[in-house]
Amino acid sequence: MERLFDTLHAHLINVLENLKQAEVLPQEADLSNVALEQPKDETHGDLATNAALVLAKQAKTNPRALAEQILPKLLEHKAIKSGDVAGPGFINLRITGDAWLSEAQLVLADSEAYTKTDVGHGQKVMVEFVSINPTGPIHIGHGRNAVLGDTLCRLLEKTGYNVYREYLVNDAGNQILTLVLSVHARYLELFGEKLELPEDGYVGEYIIEIAQALKDKDGNKWLTVICPDELLSELREFCVNACMDLTKGDLDELGIWFDRYHSEWEMHQQGDPLAKAVKALREKEYVYEGKLEAPKGKDIKDYQPVDLTLFKATEYGAEQDKPIYNRRGNATYFGQDIAYHQHKLDRGFERLITVIGADQQGNFTPLKWALEALTGYKDVLHPFYYAHVKTLRDGQPVKLSKRAGNIIALSDVVREVGGDVYRFHMLTRKGDTPLTFDLAKAVEKSMDNPVFYVQYAYARMAAVFRQQEEMGIPSVDASQADTSVLNSQQAINVLRHIILYPQMLEKASVAVEPHRIAFYAMDFAAAFHSWYNAEKFLDAENLPATYARLLVVQAAQLVLKDVLAVMHVTAPEKM
RNA sequence: GCGCCCAUAGCUCAGUUGGAUAGAGCAACUGCCUUCUAAGCAGUCGGUCGGGGGUUCGAAUCCUCCUGGGCGCGCCA
């Protein structure tokens, strides 16, 4: 697929290489910072390059003089209508109508191929996301994690990565015992016994539902069992599965799925990846036996230093080294994380991305160090941090769900505002920006709620083609299209968005910033709305002009549909 | 005490990884429906990019020091 943008970029590089031959540029000139980009101000041109600015110093001349030497060579390409040197030395270019039109036809020929790129080169990347403890329903904050993670996966897939989605089911910790005991207490209550919840037990009504299901399945089988260890081993799987079913159901409503739900408990049954990791780290002298000082900033009575297996976190600037095993010889949380990530590496993943709350940085950073020490690569593990979601209704705090255990349940919110609104809203902030979600505003059909703005643009495109049929305008004949009408600022702005779409995806993918897709979508919709208001597309008296515009609208519709698909937001034909 | 994140228009936020006169939406005000959907468009108003210093052709962006906010900080989970 020969996209216009790629063609012109290659042309630009070729021109610069030729200038090296002509000794205008030094042989060793570095072209890596040369960019073909969209000027901020559209009156500056359809595309612009900073080449002269970047290379002036190396060529020992001033940027504007160099630009004047580059420009005529660039103009030799038939897709370029005109160009000029502007500002400190930018070269602004304008595209011919014919080139725009053939670009639209390229999109129409195969929009799938047009929008797909390959920065990933098939690299095996695992994205771990959601991974909440299997102890209850998912809440609205976790939903942000889910949407960011899922959109990131779709984005990575589109840009050529081989993506694997994993959910870590943390079913091996103490919280599972608490879950089992909470369910059992409710189970006893169903048989008329007095309720005695365990300390810090789970209080949501879903626990009663799980207890009821247990009763329906096993009758009074567990009535006389009181030993916690026995209850844990017998009921662990049932309770965890019941909770995971709640979570999976909630995620399913948003169209989110995983390649694997990775059970920590099962991993431990099958082997000990931690031993392998510790051995490797010990060989590299990142792990040793030693004692720790009492932690600073806290009052701890009777602190007794003991020998522990420690990771040299101080090598990376930490205050203290990190224990991998506690004094009883069990893996610490840090140790468990290393084990799990060793397991990921063992499965052949070259890059590990984890979508994780910003409050987890204190835990995650040492893990990043440990992986760096293990693999020798700095960025194998890439945390994608996201900030808290604050939920309001008309500026007031939202009532918590008793059923879900005093949280704001994701499923309640999605049921109220719809999946499209929720998903899009979660993408309208950069991940590490705290986000406020107002349920009352979310259903308003205003610019407070930009998902409608974007969907409306799509619906308007669809309406154009319905109207075309009603007016009896024949289907588009590209060979008769009059490209001279594609010269308005508004039309070109739409076209410019189309050709920059694959670029935008690549950049968002490399930066691990899925929110850029939402901002692009709003921008693109604005460009279309503006064009829609400025010109009438359908003119039965002038079919060649109509054909040219309709070709662009068709291409725009395919691109917008693709954008919405990456965010997994529906593209309505009518609103 | 230490580490990480943040500070941009009255409010909520972007800012294409160092580029041109710092941009949107909301709010306020002014216009545009006999015309492909007004869930829209065009415009006005609004800025010491928290502050000082540095790096260079060029800084909201990079370095440094302040100020002010948020999160985290046992061998717990």
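Here the structure is a predicted model, which is why all the values come from computation and not from measurement. (Residues numbered from 1 in each chain as written. Chains lettered and ligands numbered in written order. Predicted model: local features only at pLDDT ≥ 70, side-chain atom pairs only at ≥ 80, totals over all residues. Heavy atoms only, no water.)

Participant: Can you help me understand the domain arrangement of chain A in this one?
Facilitator: Interface size is often expressed as the accessible area that is lost when the parts come together. What the domain assignment lists for chain A is domain 1 (4–95), domain 2 (124–169 + 258–386), domain 3 (174–252) and domain 4 (446–566). Placing the centre of domain 2 and that of domain 4 at their C-alpha centroids yields a distance of 44 Å. Of the residues lining the interface, twelve residues belong to domain 2; the matching set on domain 4 comes to eleven residues. Both faces considered, domain 2 and domain 4 share a buried interface measuring about 1000 Å² in area, 74% of it formed by carbon and sulfur atoms. (Domains from an automatic or database assignment. Contact = heavy atoms within 4.5 Å. Buried area = accessible area lost by both parts, 1.4 Å probe.)

Participant: I would appreciate a short explanation of the protein's contact with RNA strand B in the present structure.
Facilitator: The environment of RNA strand B is formed by 61 residues, the closest being Phe90, Gln361, Tyr453, Tyr456 and Tyr532. The sugar-phosphate share of atoms of RNA strand B within 4 Å of the protein amounts to 65%. Between RNA strand B and the protein, one listed contact pairs a phosphate oxygen with a side-chain N or O atom of asparagine 174 at 2.7 Å. Those elements that place two or more of their residues in the surface near RNA strand B are strand E4 (90–95), helix H7 (174–190), helix H13 (361–375), helix H17 (450–470), helix H18 (489–511) and helix H19 (515–534). No other element matches H17, which puts nine residues into the surface near RNA strand B. Looking at the surface near RNA strand B residue by residue, the class counts come to 26 nonpolar, 17 polar and 18 charged. (Near = heavy atom within 4 Å. Polar contact = N/O pair within 3.5 Å; in protein donor to acceptor, adjacent residues only side chain to side chain. Helix = DSSP H or I, 4+ residues; strand = E, 2+ residues; numbered from the N terminus. Nonpolar A, V, L, I, M, F, W, Y, C, P; charged D, E, K, R; others polar.)

Participant: Quick question: what am I supposed to make of the layout of surface pockets here?
Facilitator: What the largest pocket holds in volume is close to 1100 Å³. Lining the largest pocket are 44 residues, and of these Val130, Ser131, Ile132, Asn133 and His142 sit closest to its centre. For the lining of the largest pocket, the secondary-structure elements that each account for two or more residues are helix H6 (140–158), helix H12 (333–346), strand E11 (351–357), H13 and strand E13 (389–393). Tallying contributions element by element places H12 first for the lining of the largest pocket, with five residues. Grouping the constituent residues of the lining of the largest pocket by class yields 21 nonpolar, 19 polar and four charged. Each of domain 2 (124–169 + 258–386) and domain 3 (174–252) accounts for three or more of the residues forming the lining of the largest pocket. (1 Å grid on protein atoms, 1.4 Å probe; cavity = no way out; pocket = protein on both sides within 12 Å on 5 of 7 lines; lining within 4 Å. Points joined across faces, edges and corners; volume = space filled by probe spheres on them.)

Participant: Please explain the sheet that holds strand E10 (residues 322–323) as it appears in this structure.
Facilitator: Backbone-to-backbone hydrogen bonds join strands into a sheet, with any given pair of strands oriented parallel or antiparallel. Taken in spatial order, the three strands line up as E8-E9-E10 in an open sheet, and their pairing is antiparallel. Bordering the open sheet on either side are strand E8 (287–290) and E10, each of which pairs with just one other strand. Sheet analysis places E8 next to strand E9 (residues 308–311), joined by four bridges and oriented antiparallel. Residue pairing in the sheet places valine 287 in a bridge with phenylalanine 311 of E9. Relative to the sheet, helix H11 (residues 273–283) contacts E8 and E9, its axis offset from that of E8 by approximately 90°. (Pairing = 2+ DSSP bridges. Axes fitted to C-alpha atoms, helices over the stretch in contact; angles between N-to-C directions.)

Participant: How should helix H9 (residues 228–253) be read in this particular structure?
Facilitator: Since the α-helix advances by 3.6 residues per turn, residues separated by three or four positions end up pointing in the same direction. Spanning 26 residues, H9 covers 35 Å between terminal C-alpha atoms, matching the ideal 38 Å at 1.5 Å per step. Where H9 bends most, at leucine 235, the angle is about 55°. Of all the positions in H9, only Leu231, Leu235, Arg236, Cys239, Val240, Ala242, Cys243, Met244, Thr247, Asp250 and Leu251 are classed as buried. Positive phi appears at glycine 255, one or two residues downstream of H9, with a value of about 75°. (Expected span 1.5 Å × (residues − 1). Bend = angle between axes of the 7 residues up to and from the residue. Buried < 20%, exposed > 50% of the residue type's maximum accessible area, 1.4 Å probe, protein only.)

Participant: Mind showing me how you'd approach the sheet that holds E11 here?
Facilitator: Strand order across the open sheet formed by five strands is E7-E6-E5-E11-E12, with parallel pairing between neighbours. One side of each edge strand has no neighbouring strand; the edge strands of this open sheet are strand E7 (260–263) and strand E12 (381–386). With direction set aside, neighbouring strand axes in the sheet form an average angle of 30°. Pairing between strand E5 (residues 124–128) and strand E6 (residues 162–169): five bridges, direction parallel. The residue bridging valine 125 from the neighbouring strand is valine 163, located in E6. Sitting on the sheet, H6 touches E5, E6, E11 and E12, and the angle it makes with E6 is about 160°. Here H12 sits on the sheet and contacts E5, E6, E7, E11 and E12; the angle it forms with E11, its principal contact strand, is near 145°.

Participant: Looking at this structure, how should I read the environment of valine 443?
Facilitator: For valine 443, the location among the structural elements is in helix H16 (residues 439–443). Taking C-alpha positions, valine 443 is 52 Å from glutamate 76, a pair spaced 367 residues apart along the chain. Beyond its immediate stretch of four places on either side in the chain, valine 443 contacts Glu416, Val417, Asn449 and Phe452.

Participant: Would you take a moment to explain unusual backbone geometry for this structure?
Facilitator: Negative phi is the rule for most residues except glycine; trans is the rule for most peptide bonds. Phi is positive for serine 131, which is not a glycine, with a value near 45°. Structurally, serine 131 is set in the loop between E5 and H6. Residue glutamate 285 is not a glycine yet carries a positive backbone phi of 60°. Along the polypeptide, glutamate 285 turns up in the loop between H11 and E8. Owing to a relative accessible area of 56%, glutamate 285 belongs among the exposed residues under this scheme.

Participant: What's the story with the nonpolar core in this structure? I'm lost.
Facilitator: Across soluble globular proteins, nonpolar side chains show a tendency to be buried alongside one another. Counting residues in each nonpolar core, the largest one holds 148 residues, and the members touching the most others are Leu16, Ile70, Val127, Tyr422, Phe437 and Met567. By residue number, the principal contributor to this core is helix H20 (residues 543–567), which donates 15 residues. The contacts of methionine 567, once residues within four sequence positions are left out, are Thr151, Arg423, Phe424, Leu427, Ile517, Ala518 and Ala521. In terms of nonpolar packing, the next biggest core, distinct from the first, is built from 29 residues, Val287, Ile338, Ala373 and Leu374 among them. (Core = buried A, V, L, I, M, F, W, Y, C linked by side-chain atoms within 4.5 Å.)

Participant: Just to check I follow, could you spell out empty space enclosed by the protein for this structure?
Facilitator: If you roll a probe as big as a water molecule over the atoms, it shows you where there is empty space left. Overall, the coordinates contain one cavity of 30 Å³ or more when judged by the stated rule. Roughly 40 Å³ of internal volume is contained in the largest cavity. Lining the largest cavity are Leu8, His11, Leu12, Leu36, Leu74, Ile80 and Leu93. It is helix H1 (residues 4–21) that contributes the most residues to the lining of the largest cavity, three residues altogether. For the lining of the largest cavity, the class distribution of residues is six nonpolar, one polar and no charged.

Participant: Just checking my understanding: could you explain the packing of aromatic side chains for this structure?
Facilitator: Aromatic ring pairs are reported here in terms of the distance separating the ring centres and the angle at which the planes meet. One pass over the structure, following the stated rule, counts 20 aromatic pairs. Look at tryptophan 531 and phenylalanine 537: their rings are 4.5 Å apart centre to centre, the planes differ by 50°, and that puts the pair in the tilted class. By the burial criterion, tryptophan 531 is buried, and phenylalanine 537 matches it. Taken together through their ring pairs, the aromatic side chains of Tyr286, Phe311, Tyr316, Phe334 and Trp369 make up a single cluster. Just above the ring of tryptophan 265 sits the side chain of arginine 236; from NZ or CZ to the centre is 3.7 Å. Over the aromatic face of phenylalanine 334 sits the side chain of lysine 322, whose NZ or CZ is 5.7 Å from the ring centroid. (Phe/Tyr/Trp six-rings, centres within 6.5 Å; stacked < 30°, edge-to-face > 60°. Lys NZ or Arg CZ within 6 Å of the ring centre and 35° of its normal.)

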